[in-house]
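# Coordinate inspection notes
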Amino acid sequence: MPDGQQDIDTRDSGVLFDTGIEGMTCASCVGRVERALGKVPGVTEASVNLATGRARVRAAPGTGIGAIVETVEATGYQPRLEQVTLAVDGMTCASCVGRVERALKAVPGVLDASVNLAAGAAAVRVPAGAVSAGDLVAAVGRVGYEAKPASGSREERAERQAARDEDAQHLRRQLILAAVLTLPVVVLDMGSHLVPAYHHWLLGMMSQQTIHLILFALATVVLFGPGWQFHARGWPALLLGAPDMNSLVALGTSAAWGYSVVATFVPGLLPAGATGVYFEAAAVIVTLILLGRWLEALARGRTSAAITGLLKLQARTARVLQGGDERDVPIEEVVVGDTIRVRPGEKIPVDGLVLDGSSFVDEAMISGEPVPVQKGEGHEVIGGTINRTGTFTYRATRVGADTLLAQIVRMVEEAQGDKLPIQALVDRVTLWFVPAVMAAAALTFAVWLVFGPVPALTFAVVNAVAVLIIACPCAMGLATPTSIMVGTGKAAELGILFRRGEALQTLRGAQVIALDKTGTLTRGRPELTDLDVADGFDRDEVLRLVGAVEAASEHPIAEAIVAAARAAGAALPEARDFDARPGFGVTATVDGHRVVAGADRLMRETGLDLAPFAETAKRLGSEGKSPLYAAIDGRLAAILAVADPIKDTTPQAIRALRALGLRVAMITGDNAGTAQAIATHLGIDEVVAEVLPGGKVDAVKTLQENGTRVAFVGDGINDAPALAQADIGIAIGTGTDIAIEAAEVVLMSGDLRGVVDALALSQATMANIKQNLGWAFAYNAALIPLAAGALWPAFGILLSPVFAALAMALSSVSVLTNALRLKRFAPPRVATRDADGARPATA
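Residues numbered from 1 in each chain as written. Predicted model: local features only at pLDDT ≥ 70, side-chain atom pairs only at ≥ 80, totals over all residues. Heavy atoms only, no water.

### Brief notes about the overall build of the protein
Counting secondary structure elements, the protein contains 30 helices and 30 strands. In the protein, which comprises 843 residues, the proportion classed as buried is 51%. A fraction of 68% describes how many contacts in the protein between residues 6 or more apart in sequence connect residues 24 or more apart. A total of about 36500 Å² of accessible surface is found on the protein, and carbon and sulfur atoms cover 57% of it. (Helix = DSSP H or I, 4+ residues; strand = E, 2+ residues; numbered from the N terminus. Buried < 20%, exposed > 50% of the residue type's maximum accessible area, 1.4 Å probe, protein only. Contact = heavy atoms within 4.5 Å. Areas by Shrake-Rupley, 256 points an atom, 1.4 Å probe, with all protein chains shown as cover.)

Structure (structure tokens):
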């Protein structure tokens with residue numbers, strides 16, 4: 001059997017699964033996995049191969065591979081899983097989604113399947129190599145839909161977009177044809193009912209039978225011309241015992257048309273007084289539903305606008321330097337290591353590192369920040385961003401599917417294809433909804449036939465048709481996925497990536513926001529934040545001499561002082577007689593001056609009085625900083641502090657989070673005094689200090705006690721376990737890849753205000769989904785009884801099938817229009833300064 005292939009054995013011995021396993025290192029690993037698999041109910045044989053990293057499991061028919069995968073995970077190893085994406089055509093309602101999902105989940109080896117009606121796509125999770133795409137396509141085909149593997153390439157996306165555009169154009173043409181044919185039907189039939197004079201004039205021109213024949217001809221062309229698509233899909237689904245929206249439309253319009261045909265050609269078969277015709281109902285229903293389908297197709301195209309916009313950011317060609325010559329090559333031909341030149345105003349083709357030159361690059365598509373970022377030698381540039389000013393060359397480091405832009409598109413698509421927990425309710429309802437509607441229509445027909453007024457048959461047919469038409473579950477199927485697609489797309493525009501659609505719902509329920517300090521609240525690198533000099537000393541000269549001494553040290557504090565000195569333009573001379581004492585400080589001779597720099601204990605040891613800087617030292621301590629001192633030629637020269645500065649936007653973000661009613665906690669390895677000072681300055685509610693890297697998970701667990709839902713925000717490698725432990729993990733996008741992989745939400749800009757924006761967007765999206773679901777369910781709950789004739793006994797009011805069709809078409813359009821409102825979402829505005837006007841603190 002080829003590696004990665006799954007064999008479905010039809011013999012009595014059962015089903016044979018072949019799946020990959022990662023993490024096994026020795027024979028004991030093999031034995032552990034084999035013993036665990038052997039205990040799975042239904043498994044008759046298990047064989048694990050260490051060399052190939054695969055397990056072959058024979059199990060009784062009906063044994064799911066999910067139990068096998070869970071067992072491997074429980075033993076501490078990782079099954080190799082993959083996601084297969086299919087493009088599915090022909091789905092029109094929530095019932096279609098349920099049918100396709102059930103068909104995919106029934107394929108042996110499939111762990112899970114999620115189908116998105118709005119995107120027309122299915123995401124199927126399987127053990128790597130265990131299920132072929134052909135098997136999945138065949139499964140979809142058996143339930144009446146067309147599917148094909150989706151690679152996610154730009155060409156394929158362009159083809160799918162072209163197909164969607166063509167589908168919308170086809171619907172438009174069909175709608176125009178149906179409307180042109182339906183208009184005379186309405187004028188001939190309904191005009192006669194509404195205008196008596198017109199009715200009498202018409203009968204003077206032709207007989208009633210002739211009018212019926214004209215109506216028959218026009219309605220038949222509408223029903224089996226533009227309306228044939230409903231019959232082509234609806235009747236086969238009905239015969240398979242899995243009716244959908246098309247089945248309801250086909251059944252309803254056929255009933256109205258068939259009743260009218262009998263009344264026109266063989267009226268003797270009907271009771272006296274029951275020979276009215278309803279050709280106009282059949283024609284108008286088809287036309288109105290086509291109108292709804294067309295508007296729906298246009299709106300669906302707008303839901304994927306974010307993906308389309310992201311793809312348009314990618315350059316088509318790259319200017320590659322080869323042997324001193326420049327050559328424009330298609331973006332697909334660029335390989336890692338190529339040297340590329342970018343000129344002002346051009347898009348950067350792929351990710352890379354600048355080799356020569358400098359410029360300002362607009363990275364708004366990544367970070368959402370409009371201010372261009374300066375780039376020079378050694379700086380990273382991102383494919384899809386725009387070079388604004390200078391010319392530079394750079395080396396390609398990531399190309400094709402590995403570029404950041406490609407990863408962003410992939411994340412957004414995966415999030416858009418996800419199902420939220422709230423969707424489970426919709427799935428359970430829609431599973432039985434269409435059969436229930438057909439049962440309700442049959443009951444309506446029977447009740448009116450038995451208890452209705454004369455002509456009872458006419459009333460029974462009309463009301464049953466109204467029930468069938470008005471109850472199509474299109475709005476239910478579109479309610480959640482359209483909001484997810486628009487919401488995650490808008491988030492991507494703001495520099496927020498929801499790696500899983502479910503995070504939209506989970507984030508909304510967060511009660512505590514736990515923040516890592518370094519790199520999250522702070523800039524992540526030490527800087528010289530304070531330097532006050534004593535009387536008689538020049539600040540620049542002190543900084544030059546101290547910088548020269550610290551240049552000989554490798555301590556991070558020394559690096560920050562040296563960087564500040566060089567940034568001030570100081571030329572740092574060589575330090576002689578350098579001596580470093582851990583925990584105290586450093587001494588050296590620079591340009592004939594004896595320079596001492598370090599902690600207070602070193603100064604006291606040298607006999608210096610620190611009283612002149614007592615107030616400054618107290619202030620620095622209240623800000624969470626540890627003061628350092630410098631002495632030159634035996635005189636106290638300066639007090640200075642090096643700290644990791646709080647990001648300028650952090651105070652604003654903290655205030656906004658608290659304004660949303662959230663409790664804010666900080667988890668840090670700093671000592672308790674420093675941590676508390678920072679927390680007090682920022683207004684943080686809770687501090688967990690002196691935490692070792694491995695203790696962050698325990699800190700998150702403590703915050704989660706009593707069912708409290710915690711969102712953890714971090715950026716480092718040591719934050720990954722805590723990101724995974726939290727109810728929702730939010731990674732600062734400027735951090736490490738491993739932290740990003742462990743999180744459900746990624747902030748591309750590294751700005752903590754993105755957490756506020758993500759929360760607000762989560763709340764807006766969930767509110768939008770609930771509005772959609774509320775409308776969809778309330779619509780059906782209210783109008784099905786109305787269509788059945790609930791108002792007739794008290795008010796003598798019936799709902800015409802024509803108005804039922806109009807209401808059904810508008811329900812889907814209303815849901816889509818409401819979802820598209822999320823495109824206008826604006827991030828909440830927060831103040832730009834602290835209430836007291838103070839500068840941001842440092843850590």
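That covers the picture; the talk isn't over yet.
### Observations regarding the packing of helix H8 (residues 228-239) against helix H9 (residues 245-265)
Where H8 meets H9, the closest approach of the two axes is 7 Å, and the angle between their N-to-C directions is 105 degrees. With respect to each other, H8 and H9 are oriented roughly perpendicular. Counted together, Gln229, Phe230, His231, Arg233, Gly234, Trp235, Ala237 and Leu238 of H8 and Asn246, Ser247, Val249, Ala250, Leu251, Thr253 and Ser254 of H9 form the full contact between these two elements. Taken together, the residues of the contact of H8 with H9 break down into seven nonpolar, seven polar and one charged. (Axes fitted to C-alpha atoms, helices over the stretch in contact; angles between N-to-C directions. Parallel < 35°, antiparallel > 145°, perpendicular 65-115°, else oblique. Nonpolar A, V, L, I, M, F, W, Y, C, P; charged D, E, K, R; others polar.)

### Focus on helix H28 (residues 753-788)
For H28, with 36 residues, the first-to-last C-alpha span of 52 Å sits near the 52 Å given by 1.5 Å per residue. Of the residues flanking the end of H28, it is Gly789, one or two places downstream, whose phi is positive at about 105 degrees. (Expected span 1.5 Å × (residues − 1).)

### Looking at unusual backbone geometry
Cis rather than trans, the peptide bond between Val454 and Pro455 has omega equal to -5 degrees. Tracing the sequence through the fold places Pro455 in the loop between helix H14 (423-451) and helix H15 (456-470). One non-glycine residue, Asn706, lies in the positive phi region at around 65 degrees. Tracing the sequence through the fold places Asn706 in the loop between helix H25 (696-703) and strand E28 (710-714). Asn706 gets classed as exposed once you look at its relative accessible area, which sits at 82%.

### Digging into the pairing of strand E3 (residues 54-59)
Summarising burial for E3: five of the six residues are buried, a large majority. Pairing of strand E2 (residues 43-49) with E3, which is carried by six bridges, proceeds in the antiparallel orientation. Each residue of the ladder has a partner; that of Val43, found in E3, is Ala59. Taken together, E2 and the strand that follows it, E3, pair antiparallel across an intervening segment of four residues, in which Gly53 is found at a positive phi of about 65 degrees. (Pairing = 2+ DSSP bridges.)

### With respect to the packing of aromatic side chains
Counting across every chain of the model gives nine aromatic pairs. Plain terms: the ring middles of Phe216 and Phe279 are 5.9 Å apart, the flat faces sit at 65 degrees to each other, and that makes the pair edge-to-face. Of the two residues, Phe216 is situated in helix H7 (residues 208-224) and Phe279 in helix H10 (residues 279-303); the sequence distance between them amounts to 63 residues. Judged by relative accessible area, which is 0%, Phe279 ranks as buried. With a centroid separation of 5.9 Å and 65 degrees between ring planes, the pair formed by Trp448 and Trp792 is classed as edge-to-face. Taken together, the residues span a long stretch of sequence, with Trp448 in helix H14 and Trp792 in helix H29 (residues 792-795) at a distance of 344 residues. Note on Trp448: relative accessible area 7%, which makes it buried. Through a chain of ring-to-ring contacts, the aromatic side chains of Phe216, Phe224, Trp228, Trp257, Phe265 and Phe279 assemble into a single cluster. The side chain of Arg601 reaches across the aromatic face of Phe584, ending 5.7 Å from its centre. (Phe/Tyr/Trp six-rings, centres within 6.5 Å; stacked < 30°, edge-to-face > 60°. Lys NZ or Arg CZ within 6 Å of the ring centre and 35° of its normal.)

### Notes on the UniProt feature "transmembrane region" (unreviewed entry) in the protein
This chain's UniProt record puts "transmembrane region" (unreviewed entry) on residues 175-198, 210-228, 248-270, 276-295, 429-451, 457-480, 773-792 and 798-820. End C-alpha to end C-alpha, residues 210-228 measures 25 Å, and it is 84% helix and 0% strand. Between the end C-alpha atoms of residues 773-792 the distance is 28 Å, and the span holds 85% helix and 0% strand. (UniProt positions renumbered as here; feature names shortened; annotations may be inferred.)

### Some remarks on the pattern of salt bridges
Should the charged atoms of two oppositely charged side chains come close, the side chains can pair. Applying the stated criterion across every chain yields a total of 22 salt bridges. Residue Arg398 is joined to Asp351 by a salt bridge in which the shortest nitrogen-to-oxygen separation is 3.2 Å. Of the two residues, Arg398 is situated in strand E17 (residues 392-398) and Asp351 in strand E12 (residues 351-357); the sequence distance between them amounts to 47 residues. Its relative accessible area of 23% is what places Arg398 among the partly exposed residues. With relative accessibility at 0%, the residue Asp351 sits in the buried group. Salt-bridge contacts for Arg619 lead to Asp530; the nearest nitrogen and oxygen are separated by 3.7 Å. Of this pair, Arg619 sits in helix H22 (residues 614-622) while Asp530 sits in strand E20 (residues 527-533), and the two are 89 residues apart along the sequence. The partly exposed category is assigned to Arg619, whose relative accessible area is 32%. Residue Asp530 is classed as buried on the basis of its relative accessible area of 11%. Three or more residues joined by partner-sharing salt bridges are found here, namely Arg319, Glu326, Asp328, Arg341, Arg343 and Glu346. (Salt bridge = Lys/Arg side-chain N within 4 Å of Asp/Glu carboxyl O.)

### Describing the packing of helix H19 (residues 539-550) against helix H20 (residues 556-567)
Viewed as axis vectors pointing N to C, H19 and H20 meet at an angle of 135 degrees, and their least axial separation amounts to 8 Å. Taken together, the axes of H19 and H20 are oblique relative to one another. Considering only the axes of H19 and H20, their crossing is left-handed. Packed against H19, whose contacting residues are Leu543, Val546, Gly547 and Glu550, the element H20 presents Ala558, Ile561, Val562, Ala564 and Ala565 at the interface. Here the residues of the contact of H19 with H20 are counted per class, giving seven nonpolar, one polar and one charged. (Left-handed = near helix turned anticlockwise from the far one by under 90°.)

### Structural notes on the sheet that holds strand E19 (residues 512-516)
Within the open sheet, the seven strands sit side by side as E18-E30-E29-E28-E19-E26-E27. Their pairing is mixed. Of all the strands in the sheet, the pair left with one neighbour each is strand E18 (496-498) and strand E27 (686-688). Averaged over all adjacent pairs, the angle separating strand axes in this sheet is 20 degrees, with direction ignored. Bridge count between strand E26 (residues 663-667) and E27: three bridges; the pairing is parallel. Among the inter-strand pairings, Ala665 is bridged to a residue of E27, identified as Glu686. Each of E18, E19, E28, strand E29 (728-732) and strand E30 (745-747) is contacted by H28, which is oriented at about 50 degrees to E18, the strand it contacts most.

### A look at the environment of Ile484
Position of Ile484 relative to the elements: it lies in helix H16 (residues 474-493). On the basis of relative accessibility, which here comes to 1%, the residue Ile484 falls in the buried class. Along the sequence, Ile484 and Ser762 sit 278 residues apart, while their C-alpha atoms lie 9.7 Å from each other.

### Some remarks on a nonpolar patch on the surface
Together, Leu443, Val447, Leu449, Val450 and Phe451 make up an exposed nonpolar region whose accessible area comes to about 520 Å². Tracing the backbone through its elements, the reader meets Leu443 in helix H14. (Patch = residues over 30% accessible without salt bridge, like charges linked within 9 Å, V, L, I, M, F, W, Y side chains within 5 Å.)

### Quick notes on the pairing of E26
Extensive coverage of E26 is indicated by the burial of four of its five residues. Pairing between E19 and E26: five bridges, direction parallel. In the sheet register, Ile513 faces E26, and the bridge partner there is Val664.

### Comments concerning the environment of Ser553
Relative to the elements of secondary structure, Ser553 occurs in the loop between H19 and H20. A relative accessible area of 18% places Ser553 in the buried class. Each C-alpha atom, one on Ser553 and one on Ala580, is 7.7 Å from the other, the two residues being 27 residues apart in sequence. Among all residues touching Ser553, those that are not within four sequence positions of it are Ala558 and Phe578.

### Let's talk about the confidence of the model for the protein
Per-residue confidence for the protein averages 81 on the pLDDT scale, and 87% of its residues sit at or above 70. Between residues 830-843, whose pLDDT stays under 50, and residues either more than four places distant or in other chains, the model counts 37 contacts. (pLDDT = per-residue confidence, 0-100.)

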